[in-house]
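Chain residues, written in single-letter form:
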Amino acid sequence: MSTAASPQSSIRAGIGCILVGIFSLTISDGLAKWLGAFYSPIQILFLRALIALPLVTALVLFLGGRGALHTRHIGVHLLRGALNVAAASCFYLGLTMLPLAENTAVAFCAPLFVTAISVAFLGEKVSKGGWLAILAGFAGVMVIVRPSPGNIQWAALLPLATALGYAIMMVSAKRIGARESMFTTMFHIVLGQLIFASLPLAFVWKPIDWTHLPGFIGIALCSTTGLGLITQAFRIAPASVVAPFDYFGLISAGLLGWFFWDEIPDAWFYAGALTIAASGIYVALSNGRRK
């Protein structure tokens with residue numbers, strides 16, 4: 001009985017982790033949308049990393065030991081840090097120009113970009129159904145954006161750039177040795193974000209209104225907790241099971257945007273978002289079966 005129940009309990013725990021993790025990231029995005037009216041994305045990212053780094057360092061030391069802070073692939077980690085700052089900056093800027101749900105939905109093209117890039121640069125194979133799903137996903141973006149000569153939402157390119165940057169960041173992880181733990185990767189992601197966000201900081205820095213400090217702390221705590229829980233979900237449960245629940249973020253972003261900013265998506269948004277979600281889920285499940 002115990003051996004049969006163990007996989008099921010791991011799956012339930014994994015689903016719970018990814019749902020709470022996604023909701024935590026949505027709260028972080030909501031706080032970033034609020035603070036984006038007062039500060040640049042770079043300043044928000046810098047303070048997010050500055051607050052999160054001691055927490056992540058303590059967690060890595062506790063779970064992985066001092067050895068988890070060292071890497072043999074510092075160049076790859078620096079590249080990923082730069083990509084992280086660029087992608088997150090586009091996403092945070094998009095939050096100030098687009099509804100929360102729309103910005104989130106377009107950024108959910110990242111798994112489709114990951115698959116396409118893996119084919120081009122890693123030689124991975126994708127079935128005809130996989131390619132159709134990728135094309136359908138990008139068609140879903142067009143449904144949401146609905147570009148026309150008199151209605152081109154250039155702001156929608158920001159979350160699309162986020163998806164591309166995030167995808168390159170994920171594919172570049174293949175260059176990190178398998179012997180390095182996820183704790184090493186977690187630590188260097190935050191460290192890289194702090195380093196690269198600090199470079200242009202002098203040009204965008206604004207004095208902080210201390211009533212906004214809880215918002216910055218909330219972004220750091222929610223983003224760190226969210227990423228940690230999502231990572232744990234993929235560790236304890238099959239990726240093909242938990243990956244589809246990633247699209248819970250579309251629901252939580254829609255609810256948060258409606259509740260705080262009175263953002264009510266139209267029917268075109270729902271059609272496009274469902275197409276993106278269905279395409280991403282198909283790709284995730286087909287990749288899971290193939291592996």
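Residues numbered from 1 in each chain as written. Predicted model: local features only at pLDDT ≥ 70, side-chain atom pairs only at ≥ 80, totals over all residues. Heavy atoms only, no water.

### Examining the packing of aromatic side chains
Applying the stated criterion to the full structure yields eight aromatic pairs. Through a chain of ring-to-ring contacts, the aromatic side chains of W258, F259, F260 and W261 assemble into a single cluster. Between K33 and the ring centre of W261, over which it is positioned, the NZ or CZ distance is 5.5 Å. (Phe/Tyr/Trp six-rings, centres within 6.5 Å; stacked < 30°, edge-to-face > 60°. Lys NZ or Arg CZ within 6 Å of the ring centre and 35° of its normal.)

### Looking at the pattern of salt bridges
Pairs may arise between side chains of opposite charge once their charged atoms sit close together. By the definition in use, this model includes one salt bridge. With a shortest N-O distance of 3.4 Å, K33 and E263 are connected by a salt bridge. Placement of K33 in helix 1 (residues 2-35) and of E263 in the loop between helix 12 (248-261) and helix 13 (267-290) is noted, with a sequence separation of 230 residues between them. Overall, E263 belongs to the buried group, its relative accessible area being 16%. (Salt bridge = Lys/Arg side-chain N within 4 Å of Asp/Glu carboxyl O. Helix = DSSP H or I, 4+ residues; strand = E, 2+ residues; numbered from the N terminus. Buried < 20%, exposed > 50% of the residue type's maximum accessible area, 1.4 Å probe, protein only.)

### Here we look at the packing of helix 4 (residues 100-107) against helix 7 (residues 157-172)
One can describe the packing of helix 4 onto helix 7 by two numbers: an axis separation of 7 Å at closest approach and a directional angle of 35°. Seen from above, helix 4 lies across helix 7 with right-handed handedness. Here helix 4 contributes N103, V106 and A107 to the contact with helix 7, which in turn contributes P159, L160 and A163. Its residues assigned to classes, the contact of helix 4 with helix 7 shows five nonpolar, one polar and no charged. (Axes fitted to C-alpha atoms, helices over the stretch in contact; angles between N-to-C directions. Left-handed = near helix turned anticlockwise from the far one by under 90°. Contact = heavy atoms within 4.5 Å. Nonpolar A, V, L, I, M, F, W, Y, C, P; charged D, E, K, R; others polar.)

### Concerning the confidence of the model for the protein chain
Averaged over every residue, the pLDDT of the protein chain is 86; the share at 70 or more is 93%. In this model residues 1-5 is a low-confidence stretch, pLDDT under 50, and it forms zero contacts with partners more than four residues away in sequence or in other chains. (pLDDT = per-residue confidence, 0-100.)

### A word on the nonpolar core
The biggest cluster of nonpolar side chains holds 34 residues, and the ones touching the most others in it are I44, Y92 and F216. Counting residues per element, this core draws most heavily on helix 2 (residues 41-64), at ten residues. In this structure, I44 is in contact with A32, L35, G36, Y39, Y92, F216 and I219, ignoring residues within four places of it in sequence. Listed in part, the 25 residues of the second largest apolar core include C109, I134, A167 and V171. (Core = buried A, V, L, I, M, F, W, Y, C linked by side-chain atoms within 4.5 Å.)

### So, the packing of helix 3 (residues 74-95) against helix 8 (residues 182-198)
In contact at an axis separation of 8 Å, helix 3 and helix 8 are set at 60° when each is read in the N-to-C sense. The orientation of helix 3 with respect to helix 8, classified from their angle, is oblique. When the axes of helix 3 and helix 8 are compared, the crossing they make is right-handed. Contact residues: helix 3 offers I74, H77, L78, R80, G81, A82, N84 and V85, while helix 8 offers T184, T185, H188, I189, G192, Q193, F196 and A197. Partitioning the contact of helix 3 with helix 8 into residue classes produces seven nonpolar, eight polar and one charged. (Parallel < 35°, antiparallel > 145°, perpendicular 65-115°, else oblique.)

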